[in-house]
Each structure stands twice: as structure tokens, then as C-alpha cells.
Amino acid sequence: GAGVSQSPRYKVAKRGQDVALRCDPISGHVSLFWYQQALGQGPEFLTYFQNEAQLDKSGLPSDRFFAERPEGSVSTLKIQRTQQEDSAVYLCASSPLYEQYFGPGTRLTVT
Amino acid sequence: DAKTTQPPSMDCAEGRAANLPCNHSTISGNEYVYWYRQIHSQGPQYIIHGLKNNETNEMASLIITEDRKSSTLILPHATLRDTAVYYCIVRVAERGGSNYKLTFGKGTLLTVNP
């Protein structure tokens with residue numbers, strides 16, 4: 001079946017631009033996670049949704065980061081006024097129970 | 001969540017078993033051991049998880065010591081496609097436990113050589 005998909009796969013933004021990253025989870029998975037992965041590091045948790053409710057946003061690095069999942073399915077991670085330190089791979093994962101299924105990620109490069 | 005310690009890298013010959021160790025000496029009674037791997041330029045992939053009993057699935061086996069302070073992931077017949085970073089993670093898994101984040105370390109880079 002279809003896995004988690006993310007778009008775009010690659011995004012180049014100029015410093016100060018706003019970006020929106022999309023995640024399509026596996027159908028029926030109520031839980032959705034966003035992670036940020038810097039080069040050479042393991043993924044780091046950003047935020048978690050259960051259906052449309054954002055239950056944990058403790059990992060969002062600043063108020064420039066905003067995530068939503070209005071209908072409990074597709075999720076969007078928005079970064080306002082991008083900075084160079086935002087350059088990373090952004091991973092989305094959905095979960096049916098214990099294991100998480102990850103998408104391929106969006107590589108964001110801020111120039 | 002308890003912290004884990006893994007060697008930064010390991011090598012394995014193609015067709016041989018790969019045994020990846022993980023120390024988690026501060027693991028709590030309600031924490032599970034999870035293994036994920038990440039092939040270059042892909043998202044992490046779930047492999048297996050366990051509480052205290054050994055587990056096996058189509059991908060791998062997980063051996064957890066009796067005191068639960070360490071574990072070993074075994075890939076019985078490694079192939080070149082198993083070259084990846086392998087992450088050992090301990091995490092509380094409560095009822096309906098999908099609602100807990102994964103805390104990744106740096107993992108072990110396993111290189112399978114022809």
C-alpha cells in the first residue's frame with residue numbers, strides 16, 4: 001500500500017522567505033509526527049498530532065515554526081522568515097499504534 | 001526516556017550475520033527497546049521492538065538480556081542493501097502508545113562489504 005509521502009522533496013529558500021512543507025500520512029493513522037534532521041545527526045522531534053489535535057509541540061525550535069493538521073489527515077509544517085540554521089531534512093511519520101512509518105523527508109536549504 | 005549507547009560504526013561481510021549491540025543501562029520497567037534504520041537519503045524504517053522477551057520478524061531478531069540493560073539486533077544474512085545507520089531507542093509504550101516521540105541518538109553506521 002501507499003506509504004507516507006512528503007512534498008516537495010527538495011526546497012531552496014532565500015533567507016527571510018516563508019516555506020510550507022506537506023505530509024500525507026498513511027490512511028487511517030491517527031498519530032502524526034514531525035522531526036528535523038540536521039546533517040550527520042539523528043532526527044529530532046518537533047511536534048505530534050493525534051487526529052487534528054496538536055498534543056505536543058515542545059520540539060518546535062521557535063515561534064517561526066508552525067504545524068497544522070486541520071482535518072486529521074494531511075499536515076503542513078510552516079516556517080516563517082527562514083534562517084540558515086533551518087536548513088535540514090524535515091521528516092514526517094505516521095503511526096497506527098507502536099511503530100512509526102516515516103516519509104522520505106523534505107530537504108530544505110536556506111541560502 | 002532512557003539513554004542508549006551504540007558503537008559509531010561496524011563492518012560486516014555480505015552473507016554473514018550482523019550483530020549490533022546497544023547499551024541501555026538506565027531502562028525503566030515500562031520502556032520498550034525499538035530498532036530503526038535509515039538508509040542514505042531515506043526516512044527511518046521500523047525494524048523491530050521488544051520489552052523483555054526475544055523477538056523475531058522477517059527482518060531481524062532482537063535479543064534482550066535478562067536484566068534488560070543491553071540488547072543486540074541480529075540481521076541473520078546481511079546484504080549490501082542493509083548498509084544503513086541503525087538506531088536503538090528506548091521508549092515508554094503505553095496503551096495506544098503511538099503518542100510518544102522517538103528520541104534518536106547518532107546510531108551505528110553498519111557497512112556491509114561484498
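Residues numbered from 1 in each chain as written. Chains lettered and ligands numbered in written order. Predicted model: local features only at pLDDT ≥ 70, side-chain atom pairs only at ≥ 80, totals over all residues. Heavy atoms only, no water.

Draft legend 1. Broad picture of the overall build of chain B. Tallying secondary structure elements over chain B gives zero helices and nine strands in all. Taken over the C-alpha trace, chain B has a radius of gyration of 13 Å; the compact-globule value for 114 residues is 13 Å, and the two agree within 12%. Oriented by its inertia axes, the alpha-carbon framework of chain B measures out at about 40 × 30 × 25 Å. Contacts spanning at least 24 positions in sequence make up 59% of the contacts within chain B whose residues lie at least 6 apart. When the accessible area of chain B is evaluated, it comes to approximately 5,900 Å², of which 48% is carbon and sulfur surface. For chain B, the distance from the average site of its 11 positive side-chain charges to the average site of its 10 negative ones is 5 Å. (Helix = DSSP H or I, 4+ residues; strand = E, 2+ residues; numbered from the N terminus. Rg over C-alpha atoms; globule rule 2.2 N^0.38 Å. Contact = heavy atoms within 4.5 Å. Areas by Shrake-Rupley, 256 points an atom, 1.4 Å probe, with all protein chains shown as cover. Lys, Arg positive; Asp, Glu negative; His and termini not counted. Charge placed at Lys NZ, Arg CZ, Asp CG, Glu CD.)

Draft legend 2. Summary view of the overall build of chain A. Summing up its helical and strand segments, chain A has zero helices and 11 strands in all. In terms of overall dimensions, chain A is globule-like: its C-alpha atoms have a radius of gyration of 13 Å, near the 13 Å expected for 111 residues. Its C-alpha atoms give chain A principal-axis dimensions of roughly 40 × 25 × 20 Å. Residue pairs in contact within chain A that sit at least 24 positions apart in sequence constitute 51% of those at least 6 positions apart. Positive and negative charge centroids in chain A, built from 11 and 11 side chains respectively, lie 9 Å apart.

Draft legend 3. Region of interest: the sheet that holds strand S7 (residues 70-75) of chain B. All names here are of chain B. The antiparallel open sheet is built from four strands, whose spatial order is S2-S7-S6-S5. The open sheet has two edge strands, strand S2 (18-23) and strand S5 (55-56), and neither has a second partner. Looking at chain direction, S2 and S7 are connected through six bridges and run antiparallel. Bridged to Pro-21 within S7 is Thr-72. (Pairing = 2+ DSSP bridges.)

Draft legend 4. Spatial organisation of the nonpolar core. Membership of the largest hydrophobic core comes to 21 residues, with the highest contact counts inside it found for Trp35(B), Leu73(B), Tyr86(B) and Leu110(B). Looking at this core, the elements that each hand over two or more residues are S2, strand S3 (31-38), strand S4 (45-50), strand S6 (61-64), S7, strand S8 (84-92) and strand S9 (108-113) of chain B. The dominant element in this core, judged by the number of residues it contributes, is S8(B), at four residues. Judged by nonpolar contacts, the second largest core, of 20 residues, contains Ile26(A), Leu32(A), Leu77(A) and Val110(A). (Core = buried A, V, L, I, M, F, W, Y, C linked by side-chain atoms within 4.5 Å. Buried < 20%, exposed > 50% of the residue type's maximum accessible area, 1.4 Å probe, protein only.)

Draft legend 5. View of the pairing of S8(B). Residue and element names in this part refer to chain B. Among the nine residues that make up S8, nine are buried, leaving the element largely enclosed by the rest of the structure. Note that S3 and S8 share eight bridges and pair antiparallel. Within the sheet, the bridge partner assigned to Gln-38 lies in S8 and is Val-85. Bridging between S8 and S9 involves three bridges; their strand directions are antiparallel. Within S9, the residue paired with Tyr-86 across the bridge is Thr-108.

Draft legend 6. Layout of the pattern of salt bridges. Across all of its chains, the model carries four salt bridges over all chains by this definition. Arg22(A) is paired through a salt bridge with Asp24(A); the nearest N and O atoms lie 2.7 Å apart. (Salt bridge = Lys/Arg side-chain N within 4 Å of Asp/Glu carboxyl O.)

Draft legend 7. Representation of the interface of chain B and chain A. Taken together, the contact between chain B and chain A spans 23 residues of the former and 22 residues of the latter. Buried area between chain B and chain A, summed over both chains or domains, comes out near 1,700 Å², and the portion from carbon and sulfur atoms is 55%. Counting across the interface, chain B meets chain A through zero salt bridges. Counting the contacts that link chain B with chain A gives three residue pairs in polar contact (both at pLDDT 80 or more). When contributions to the side of chain B that touches chain A are tallied by element, the ones reaching two or more residues are S3, S4 and S8 of chain B. No other element matches S3(B), which puts three residues into the side of chain B that touches chain A. Considering only residue class, the side of chain B that touches chain A consists of nine nonpolar, 10 polar and four charged. (Buried area = accessible area lost by both parts, 1.4 Å probe. Polar contact = N/O pair within 3.5 Å; in protein donor to acceptor, adjacent residues only side chain to side chain. Nonpolar A, V, L, I, M, F, W, Y, C, P; charged D, E, K, R; others polar.)

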